[in-house]
Amino acid sequence: MRTSTPVPSIHDRADATGDPEIARSAQLFNEHNLDLYRDQVHQAADAVAAALRRARHVHSGVRPDELAPDFEALDLDTPPGDMPAALDELRRLYLDHAVYFHHPRYAAHLNCPVLVPSVAAEVVLSAINSSLDTWDQSAGATFIEQKLIAWTAARAGLPEAADGVFTSGGTQSNLMAVLLMRDAWCAREYGHGRVQTHGLPAAASRLRIFVSEASHFSLAKAAALLGLGHEAVVGVACDSARRMDVAALERAIAHSREQGDIPIAVVATLGTTDFGSLDDLGPIGAVCDAQHLWLHVDAAYGCGLLVSIAHRARIAGLERADSLTVDYHKSFFQPVSCSAFIVADGAQLGLVTHHADYLNPREAAAAGTPDQVNKSLQTTKRFDALKLWLTLRTVGADAVGAAFDGAIALARATCELMLAEPRLELLHRPELSTIVFRYRPCLTTSEAELDRLNAAIRAQLARDGEAMIAATRVGGRRYLKFTLLNAATTVEQMREIVDLVLEYGRANAVGAVPGSAAVNAQWRRHG
Ligand SMILES: *Cc1c(COP(=O)(O)O)cnc(C)c1O
């Protein structure tokens with residue numbers, strides 16, 4: 001169905017008011033265009049379904065230089081003109097090359113397969129297009145967000161007074177955490193509002209935040225953005241299980257005080273990005289109590305434990321947190337973005353409140369109007385909460401938790417089969433669902449050669465689209481990493497990825513016949 005209108009007629013009518021032809025040609029979403037709406041949403045859904053049926057490989061393996069010419073040739077001022085044609089073009093430019101996170105051969109980053117109810121929620125929230133900054137732009141949506149924040153806080157064991165907001169991701173949540181720990185300290189020292197009005201005091205350059213060496217880089221970035229500098233973030237050594245070493249934490253705090261620096265907070269990670277390690281919240285919380293430090297828990301990855309059936313006990317100590325980062329778009333299987341920042345004392349969110357006469361005037365707050373913008377760094381804000389809401393109201397929390405438990409079980413089983421492989425060197429036993437390892441053909445292979453070999457394995461897997469796995473560096477050396485979030489993946493399918501790693505390792509070793517792995521991949525493709 002072609003719905004485009006000849007360009008000249010729009011030009012002729014461009015300053016008309018209430019012209020139905022203009023609304024039609026722009027395809028405005030309203031009660032007159034509901035058939036068009038249903039048609040296009042169905043066409044889009046069909047295009048996605050067809051792409052998933054076609055996607056035998058996790059990824060086409062296309063390189064940027066191979067795809068770039070298609071984009072250069074494209075003129076955005078001459079559109080294909082209707083949805084079927086635009087979707088067909090999209091297939092060629094995107095869907096045929098996308099990296100498919102639902103695919104059993106996807107084991108790279110903290111990207112999850114998503115739940116169908118959360119995808120359905122996207123259809124609703126983007127059509128209604130509520131903006132969660134003020135009640136007068138969102139009405140009931142505000143209560144949905146607030147109810148989910150309260151639910152998450154209760155699961156974490158935080159007090160009644162806890163409050164928070166949905167955010168764009170763990171990075172924004174961690175930025176809010178560093179902002180609040182900084183400003184809570186400044187408010188105590190200099191009085192409420194002084195920093196907001198006059199900027200940072202000279203002492204700000206001495207503020208120190210203690211994180212484990214395995215913590216997320218967004219914390220250092222936040223400190224830099226907030227005028228504290230990277231140096232404000234002190235990396236504390238980890239134990240052999242890649243958890244923050246609590247004795248080292250105490251020493252680091254003492255050392256910092258001796259230097260005249262000002263410790264203000266500790267960030268514990270519940271699920272480190274590389275190792276999935278869980279910092280021991282009990283003892284870390286005790287240190288924070290004794291030293292009067294803010295405890296932020298970065299549970300961007302580990303938040304799935306909140307709904308876990310098998311591993312729920314492992315969040316013990318979380319109830320002591322002053323603030324919390326959760327990424328529902330990781331271990332709750334929600335589409336990007338879906339995250340939250342929660343603070344134990346909701347009143348602390350007042351530190352980011354700014355009143356604008358046209359949006360969220362003081363009077364509205366005084367009258368008790370629930371404007372989420374008063375607690376948020378964002379103004380216009382997506383109704384991402386609806387995805388989690390429809391998930392909890394359809395499949396329920398236990399189903400989400402069981403899916404995360406399934407990923408943890410898969411990692412453990414994969415670890416067992418890898419331990420039986422003499423050419424694979426594992427760096428740890430998985431606490432959640434990541435496995436860091438490297439291919440090591442023999443004990444005498446040099447570190448430089450191991451780096452080359454492991455980089456080659458990963459590059460080749462990505463190139464032929466056979467599997468997508470991650471890489472990282474530990475102690476300056478290159479390692480490979482599986483991040484598993486797909487409860488539908490079987491141990492046999494993981495066995496296949498492990499076999500590919502071994503095969504590509506052999507093929508890339510010095511003295512191997514060049515290209516043999518590529519030849520084998522061809523056979524597999526045709527087989
Ligand atoms: C992913 C991650 C983040 C960052 O979250 P985004 O949603 O990618 O912004 C922060 N901390 C940890 C531990 C993470 O794994």
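Residues numbered from 1 in each chain as written. Predicted model: local features only at pLDDT ≥ 70, side-chain atom pairs only at ≥ 80, totals over all residues. Heavy atoms only, no water.

**Let's talk about the pairing of strand β7 (residues 323–327)**
- With 5 of 5 residues buried, β7 lies mostly within the body of the structure.
- Neither face of β7 is open: one carries Ser323, Thr325 and Asp327, the other Leu324 and Val326, and all of them are buried.
- As paired elements, strand β6 (residues 294–299) and β7 share 4 bridges and run parallel to each other. Each bridged residue has a counterpart across the sheet, and for aspartate 298 the counterpart in β7 is threonine 325.
- The pairing of β7 with strand β8 (residues 339–343) spans 5 bridges and is classified as antiparallel. Of the residues in β8, the one forming a bridge with aspartate 327 is serine 339. (Buried < 20%, exposed > 50% of the residue type's maximum accessible area, 1.4 Å probe, protein only. Helix = DSSP H or I, 4+ residues; strand = E, 2+ residues; numbered from the N terminus. Pairing = 2+ DSSP bridges.)

**Overview of the domain arrangement of the chain**
- For the chain, the domain assignment lists domain 1 (131–384) and domain 2 (399–526).
- Taken over C-alpha atoms, the centre of domain 1 sits 34 Å from the centre of domain 2.
- Counting residues at the interface gives 24 residues for domain 1, matched by 19 residues for domain 2.
- Note on domain 1 versus domain 2: buried area summed over both sides is about 1800 Å², and carbon and sulfur give 58% of it.
- Counting the contacts that link domain 1 with domain 2 gives 1 salt bridge.
- The partner of lysine 481 in a salt bridge is aspartate 274, and the shortest N-O contact between them spans 3.0 Å.
- One can count 13 residue pairs in polar contact (both at pLDDT 80 or more) joining domain 1 with domain 2.
- Of the residues contributing to the side of domain 1 that touches domain 2, the split by class is 10 nonpolar, 9 polar and 5 charged. (Domains from an automatic or database assignment. Contact = heavy atoms within 4.5 Å. Buried area = accessible area lost by both parts, 1.4 Å probe. Salt bridge = Lys/Arg side-chain N within 4 Å of Asp/Glu carboxyl O. Polar contact = N/O pair within 3.5 Å; in protein donor to acceptor, adjacent residues only side chain to side chain. Nonpolar A, V, L, I, M, F, W, Y, C, P; charged D, E, K, R; others polar.)

**With respect to the UniProt feature "modified residue: N6-(pyridoxal phosphate)lysine" (unreviewed entry) in the chain**
- Look at the UniProt record and you will see "modified residue: N6-(pyridoxal phosphate)lysine" (unreviewed entry) annotated at Lys330.
- Within the secondary structure layout, lysine 330 lies in helix α13 (residues 328–331).
- When neighbours within four sequence positions are excluded, lysine 330 is seen to be in contact with Leu110, Cys112, Ala300, Tyr301 and Leu485. (UniProt positions renumbered as here; feature names shortened; annotations may be inferred.)

**Describing the sheet that holds strand β1 (residues 106–107)**
- Taken in spatial order, the 5 strands line up as β1-β11-β12-β10-β9 in an open sheet, and their pairing is mixed. Among the strands making up the open sheet, the edge pair consists of β1 and β9 (424–426).
- Note: strand β10 (residues 434–439) against strand β12 (residues 477–483), 4 bridges, orientation antiparallel. Within β12, the position partnered with phenylalanine 437 by the bridge is leucine 480.
- Sitting on the sheet, helix α17 (residues 447–464) touches β10, β11 (468–474) and β12, and the angle it makes with β12 is about 35 degrees.
- On the sheet, helix α18 (residues 491–508) packs against β1, β9, β10, β11 and β12 and is oriented at approximately 25 degrees with respect to β10. (Axes fitted to C-alpha atoms, helices over the stretch in contact; angles between N-to-C directions.)

**So, the pairing of β8**
- With 5 of 5 residues buried, β8 lies mostly within the body of the structure.
- Along β8, one buried face is formed by Ser339, Phe341 and Val343 and the opposite face, lined by Ala340 and Ile342, is buried too.
- Across 5 bridges, strand β2 (residues 163–167) lies against β8 in antiparallel orientation. Paired with aspartate 163 across the strands is valine 343, a residue of β8.

**Digging into the nonpolar core**
- One finds Leu158, Leu249, Val266, Ile284, Val297, Leu318 and Leu324 to be the most contacted residues of the largest nonpolar core, which totals 63 residues.
- The dominant element in this core, judged by the number of residues it contributes, is helix α7 (residues 140–156), at 6 residues.
- In terms of domain composition, this core takes at least three residues from each of domain 1 (131–384) and domain 2 (399–526).
- Not counting chain neighbours up to four residues away, the residues in contact with isoleucine 284 comprise Met244, Val246, Leu249, Val266, Ala268, Asp279 and Leu295.
- Formed by 32 residues, the second largest nonpolar core is a distinct cluster that contains Met176, Trp185, Ala222 and Trp294. (Core = buried A, V, L, I, M, F, W, Y, C linked by side-chain atoms within 4.5 Å.)

**Brief notes about the site of the ligand**
- Around the ligand, the structure places 15 residues, and the nearest of them are Thr171, Asp298, Asp327, His329 and Lys330.
- In this structure, an oxygen atom belonging to the ligand sits 2.8 Å away from a main-chain N or O atom of glycine 170.
- Measuring from an oxygen atom of the ligand, one finds a side-chain N or O atom of histidine 329 at 2.8 Å.
- Contact with the protein chains hides 85% of the accessible area of the ligand, taken as 380 Å² for the molecule alone.
- Elements with a contribution of two residues or more to the shell around the ligand: α8 (170–190) and α13.
- Per element, the largest residue contribution to the shell around the ligand is 3 residues, and it comes from α8. (Near = heavy atom within 4 Å. Areas by Shrake-Rupley, 256 points an atom, 1.4 Å probe, with all protein chains shown as cover.)

**Things to note about unusual backbone geometry**
- For the peptide bond that leads from valine 336 to serine 337, omega is -5 degrees, which places it in the cis range.
- Looking at the secondary structure, you find serine 337 in the loop between α13 and β8.
- Although it is not a glycine, alanine 139 adopts a positive phi angle of roughly 40 degrees.
- You can see alanine 139 is positioned in the loop between α6 (116–128) and α7.
- Positioned with a positive phi, phenylalanine 333 is a non-glycine residue whose angle comes to about 60 degrees.
- Relative to the assigned elements, phenylalanine 333 resides in the loop between α13 and β8.

**Comments concerning the pattern of salt bridges**
- Counted according to the given criterion, the structure contains 33 salt bridges.
- The partner of arginine 206 in a salt bridge is aspartate 261, with the nearest N and O atoms 2.9 Å apart. Here arginine 206 is found in the loop between α9 (194–198) and β3 (207–212), whereas its partner aspartate 261 is found in the loop between α11 (246–258) and β5 (262–269), with 55 residues between them in sequence.
- Given the relative accessible area of 38%, arginine 206 is considered partly exposed.
- Among the residues examined, aspartate 261 registers a relative accessible area of 13% and is labelled buried.
- Connected via shared salt-bridge partners are Glu425, Arg438, Arg440, Glu447, Asp451 and Arg477.

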